Amino acid sequence: MASTLFVPVKCKKDTYNVGYVDVGNKQGQIVLCLHGVPGQHSDFESLFKPLTEHGARVIVPNLPGFGVTENRDCDHTLDEHLDIVKNFMKTLRLDSAGAWLGTAVAAACSNVHSAVFFAPCGLTPHRAARPILSLQLLSKCLKFSYTRRLMTKPVRQAYARAGFSTTDINQLFNAVKTIGTLDFSMMSGYAKQINTRQLPLFFAWTRNDRLVEPENPQRMCDAMGVERKNIHDMNADGKTVTPFEPFSASERFQRGLVFPRGGHYPHRAHIAIISSQMIELLKYLRKIKL
């Protein structure tokens, strides 16, 4: 298990003592993994071994109020999370990275040169966030202690049904705040920025995800310019139905894998094929000198 490190990260609102893991070759290609909500650095442990054996440096910060990072006075909005990630990268002097799971980060940070998405929520509220008005109301009411006490059990039960293992109610409430304050109308703009930048992209999602319907990641692929011919249906054994075509240095790396099963964490259920495609992306970035 990777050791947890801590670094003070000064942001607009506060300074957070961010807990993170940093494994692999310190001179290798940087892979910055950003967890979802709720989530933490251990969500990516399945990828540490194959990526570091390839020579990559894998860094996974825990956002405030998640994993080992203190909560402090964080509003848990997307803008605040983006500010924290950008300043975390600045603090660690990460001048070049491939951002794994971070639509806003990939769109807004010029030093992020590719993006990978595992079961992304999409451009509109996904099934776990609907009805969105109820979630928005709940996120506002969680500032009251009475509401927090009243909602502790139902929120725990809802996340357990969705497949999340954490029972830390503070992390679950923080996740509600993030989704409840998320302006989904901005997602299309981020997707267009990523497409305009022509970032190399890799997607993976499943058809039995209880949180996100499979149409949502497909719409994200469309908005980011991933051609349908590069979206591959995978069989029950985790093998592609149609062969992968290699990308030359003059082409944009763009690939999506759709698995019949695997839930909300395809990178845990299909480690070999997903890690191999991430390595192919790293090789491509080296080929085009990024």
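Before reading on, note that the structure itself is shown above.
None of these values were measured; they are calculated from a predicted model.

Asks: Sorry if this is basic, but what is going on with the overall build of the chain here?
Replies: Assigned secondary structure in the chain consists of ten helices and nine strands. Taking 19 Å as the expected radius of gyration for a compact globule of 290 residues, we find that the chain reaches 18 Å, a close match to that expectation. Overall, the chain is about 60 × 35 × 35 Å in size when its C-alpha atoms are taken along their principal axes. Counting every position in the chain, which comprises 290 residues, the buried fraction comes to 54%. Of all intrachain contacts in the chain linking residues separated by at least 6 positions in sequence, the fraction that spans at least 24 positions is 71%.

Asks: Even after reading the chapter, I still don't get the pairing of strand E6 (residues 112-118), so can you show me in this structure?
Replies: For a regular strand, side chains alternate in direction, first toward one face of the sheet and then toward the other. Among the seven residues in E6, seven count as buried, and that is most of the element. Examined bridge by bridge, E6 and strand E7 (residues 201-206) share four bridges and lie parallel to one another. Bridge assignment links valine 116 to a residue of E7, and that residue is phenylalanine 202.

Asks: Which parts of the structure should I look at to understand the pairing of E7?
Replies: Across the six residues that make up E7, a large majority, six, are buried. The two faces of E7 match: Leu201, Phe203 and Trp205 on one face and Phe202, Ala204 and Thr206 on the other face are all buried. The pairing of E7 with strand E9 (residues 254-259) spans six bridges and is parallel. Within the sheet, the bridge partner assigned to phenylalanine 202 lies in E9 and is arginine 255.

Asks: How should the packing of aromatic side chains be read in this particular structure?
Replies: The description of an aromatic ring pair uses the distance of the two centres, along with the angle that the planes make with each other. Following the criterion strictly, the structure yields seven aromatic pairs and no others. Where tyrosine 159 meets phenylalanine 164, the ring centres are 5.5 Å apart and the plane angle is 65 degrees; that geometry is what we call edge-to-face. Of the two residues examined, tyrosine 159 and phenylalanine 164, each falls in the buried class. Among the aromatic side chains, those forming a connected cluster through ring pairs are Phe117, Phe203 and Trp205. Positioned above the aromatic ring of tyrosine 265 is the side chain of arginine 268, whose terminal nitrogen or guanidinium carbon lies 4.1 Å from the ring centre.

Rules of the game
- Residues numbered from 1 in each chain as written.
- Predicted model: local features only at pLDDT ≥ 70, side-chain atom pairs only at ≥ 80, totals over all residues.
- Heavy atoms only, no water.
- Helix = DSSP H or I, 4+ residues; strand = E, 2+ residues; numbered from the N terminus.
- Rg over C-alpha atoms; globule rule 2.2 N^0.38 Å.
- Buried < 20%, exposed > 50% of the residue type's maximum accessible area, 1.4 Å probe, protein only.
- Contact = heavy atoms within 4.5 Å.
- Pairing = 2+ DSSP bridges.
- Phe/Tyr/Trp six-rings, centres within 6.5 Å; stacked < 30°, edge-to-face > 60°.
- Lys NZ or Arg CZ within 6 Å of the ring centre and 35° of its normal.

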